[in-house]
Each structure stands twice: as structure tokens, then as C-alpha cells.
Amino acid sequence: METLSPFIEVIDEITAAGGEAFKLCYQCGLCDAVCPWNRVARFSMRRIVRQATFGLTEIDGEDIWRCTTCGRCPQRCPRGVDQIAVGMALRRVATQYEVFPAAVRPARTARASLISEGNPLQFERKKRADWATDLSVKPFAEGMEVLYFVGCYPSYDPRMKKVAVATADILTRAGIDFGILGDRENCCGESIRKTGSEEVFKSLARENIKTFIDKGVKKILVSSPHCYHTFKNEYPEFMVNFQVVHASQYVLELLNAGRLHLTTAYGKKVTYHDPCYLGRHNGIYDAPRDILRRIPGLELIEMTDSRKDSLCCGGGGGRIWMDTPKRERFSDLRLSQAMQTGAQVLVTACPYCITNFEESRLNLAAGDTIEIKDITEILQEALSQAGKPQKDGQA
């Protein structure tokens, strides 16, 4: 019989991540029952937690990299075990030893790009504001109502640039005095932290925090739930607190304040997908739906697995950068659920979700069946073309 020796570094990392809580696990397996991976492949979070507790994790395998940090297992755990913290601790050990399976190596490329250019997509920092070249978007200056923190994908990805443009257009129509940071904006760092690169996250966070303070930023508007989550819940680790609002929340405030007028009928059936980091992690379920219900002619249909039970798109936890075989993509399952409702449009509020759903639309040859939209794109189409409302209130 082979005797296994504990990996002391694993035990130390697990302990630092809250080791006492992991000892509460009594191996009920509920985490495995709710994990989206088990809809497409065999995967056991229960086994990972058990092995990690004793320092017996195989850090050179793919299993520790599978978790999308969707939040389903800690949400349902009857013993309060934080499985996401376990996974992050194990990835920190693997990263320390530069142990990356083939499917995970693109995340290492993303890390290098974050270090050199402040984004994971290997684009030049100086081109971060190119999406706004033909728009009247100003650099942020102290005293402005809000900083629009665009994020990496809306800044660089051709598909996601449309979301940045739609958001800027909505803000302009509402008479909001806003600005962007341009090449002073760095990635928020949320996803690279989930891959175990803690020092890269800290470096990005400190640079952003310094810029926010230097520029006199008070209120930050974001398009990405991942930016929202890290600014709201993780940046306070650095002893700072900024007012952070997701685009769906802010748009609803503008509608309530009468600064936007929805008079153009949309005339389509729509289903809404709850992003993990907007919904489960931060409890924002109603604002996007409230917006959609106000749009004339729009019919909102709920999918299976909605709200707190929403099926993850597969992009969280840094997996947006990793290679996932077609047969194992959650986004394919989610898009199929959307199409089963008879909806003409799948709307969501996250760059990762849109990126994955657009790819699944190609995988499933569903290009003529369903559109993928961000909620700001839907709203932009529904806004009155008569002109910009007067600035007669504050949001």
C-alpha cells in the first residue's frame, strides 16, 4: 500500500484561507449535487475539499482549475464551508510552483498581459480608450458625478465595445457628467486573483486605488459584475471604500429620476440570464428585470434555473481565459435553456456571459434563432429618439 505524504504548503495555504471552516465539512456531497460541472462531466468539489484539508491535493491536475467560482456550493453548504476559498488557496500553491496543465496555460498568458499592459487580452494600454474615439466622452476630472470604469472586455473586445458605447450613450442622454480613465484604467484584478495570482491582483488594485484617490473619484459605475464585486467586496481589504454601482442599478435610478424616457417599442420576447457575480454573489436580481419590464412592447420570459439558481456561463474563476472542450461548456446548456423559452433575445449584464453565449451561438448554429444582448444595448434601442432629457434631477 502506498503511503501518501501531506503537501505542507497546501495545508498552510488552506489554513491561511480559513482552515478551521474546512474542518466542518462532513462530506455530505451537496456541493457536488449543485455544481454545474456535473451536468457536463464528472467533478467532485467534495473530494477536493477533503484532500486539501489533509494536504493531499494533486496540484498538477486539472481539477483544481475547474471551479468557476459560481457560488452555488457555498450558497447551499449546510456547514458554512467556503469552497471558493479552498480552490483559490490551491491555485495559489500551483501558481507559486508554476504548475499549469495545458488547458490552463492561456491564463498564464493573460497574467503576463496584465502585468505589462494592465489588461488580460494582450492589447496595448494606450489603446484602452479607442472605443470612444468618435464619441464625446471626456477624461474623468474631480467633481464629475461619476467615473465610468469601462473594464477590459468592453474596452478592447470588438463585440463588447458595443456595450461601452451603449452605456456612454445612455449616460449622455441622461445628462450625466461622467468621464473615463483611459490608459490610466487597469484591470480590476478580480479574475486573476481567482486563478491564484495574488500578487498581481494586489498590484492592479493598488494602482487603481491610487488613481481613484488622485482623481478624486467618489462614485464608480461599472459594466462588469466582476469589477463590481471586487471594488465593493475586495478593495476594502486595502482600507478604502468607494461608492460602486453596476450599470443595471444606475440605469434604474435614472429611469426612476425621470432622466431617461422609454418611448420606442422593442417588440420582442426576451429572457434574462442572472450573472453569478451580479446575482448569487451580490444579490442583484430585481434591477435588471425592473428595467426590462418598463420597456414598451418587451415580453420578459423567465428561464429554468433563474435568479439564485441561475446556471453559470462558465467564465468565472478565470475560466474565461482557459480552454474548455465544446462538450463541457455550460454556456451551451444555458443558451439551449434560453431558446426553449421561445425568446428572441437572451439578455444579460456581464461581459463574460456575453462572450461565452456568443461563442455558444456559433457552436449550436443558433445565429438566426436568438440574439445576445447586454441590458444597456436593449435600453439604448428603446430610448426616445426625440432628444436628450433635461438634467432636472440627480441619480
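Residues numbered from 1 in each chain as written. Predicted model: local features only at pLDDT ≥ 70, side-chain atom pairs only at ≥ 80, totals over all residues. Heavy atoms only, no water.

(A) Layout of helix α6 (residues 83-96). With 14 residues, α6 extends 20 Å between its outermost C-alpha atoms, agreeing within 8% with the 20 Å of an ideal straight helix rising 1.5 Å per residue. Here α6 lies mainly inside the structure; 13 of its 14 residues are buried. Of the residues flanking the start of α6, the one acting as N-cap is Asp-82, its side-chain oxygen 3.2 Å from the backbone nitrogen of Ile-84. Of the residues flanking the end of α6, it is Glu-98, one or two places downstream, whose phi is positive at about 55°. (Helix = DSSP H or I, 4+ residues; strand = E, 2+ residues; numbered from the N terminus. Expected span 1.5 Å × (residues − 1). Buried < 20%, exposed > 50% of the residue type's maximum accessible area, 1.4 Å probe, protein only. Polar contact = N/O pair within 3.5 Å; in protein donor to acceptor, adjacent residues only side chain to side chain.)

(B) Region of the structure containing the packing of aromatic side chains. Applying the stated criterion across every chain yields a total of 14 aromatic pairs. Plain terms: the ring middles of Trp-65 and Phe-100 are 5.7 Å apart, the flat faces sit at 40° to each other, and that makes the pair tilted. Placement of Trp-65 in the loop between α4 (45-53) and α5 (72-76) and of Phe-100 in the loop between α6 and α7 (105-117) is noted, with a sequence separation of 35 residues between them. Take Trp-65: its relative accessible area is 1%, and that puts it in the buried class. By relative accessible area, Phe-100 is classed as buried at 9%. Between Phe-231 and Tyr-235 the ring centres are 4.9 Å apart and the planes differ by 70°, which places this aromatic pair in the edge-to-face class. Residue Phe-231 is classed as buried on the basis of its relative accessible area of 3%. Assessed through its relative accessible area of 0%, Tyr-235 is described here as buried. Taken together, the ring pairs connect Phe-149, Phe-201, Phe-212, Phe-231, Tyr-235, Phe-238 and Phe-242 into an aromatic cluster. (Phe/Tyr/Trp six-rings, centres within 6.5 Å; stacked < 30°, edge-to-face > 60°.)

(C) A look at the sheet that holds strand β8 (residues 345-348). Reading across from one edge, β7-β6-β8-β9 is the order of the four strands in this open sheet, with parallel pairing throughout. Two strands bound the open sheet, and with one partner strand each, they are β7 (299-301) and β9 (371-374). Each neighbouring strand pair of the sheet contributes to a mean axis angle of 35°, computed without reference to strand direction. (Pairing = 2+ DSSP bridges. Axes fitted to C-alpha atoms, helices over the stretch in contact; angles between N-to-C directions.)

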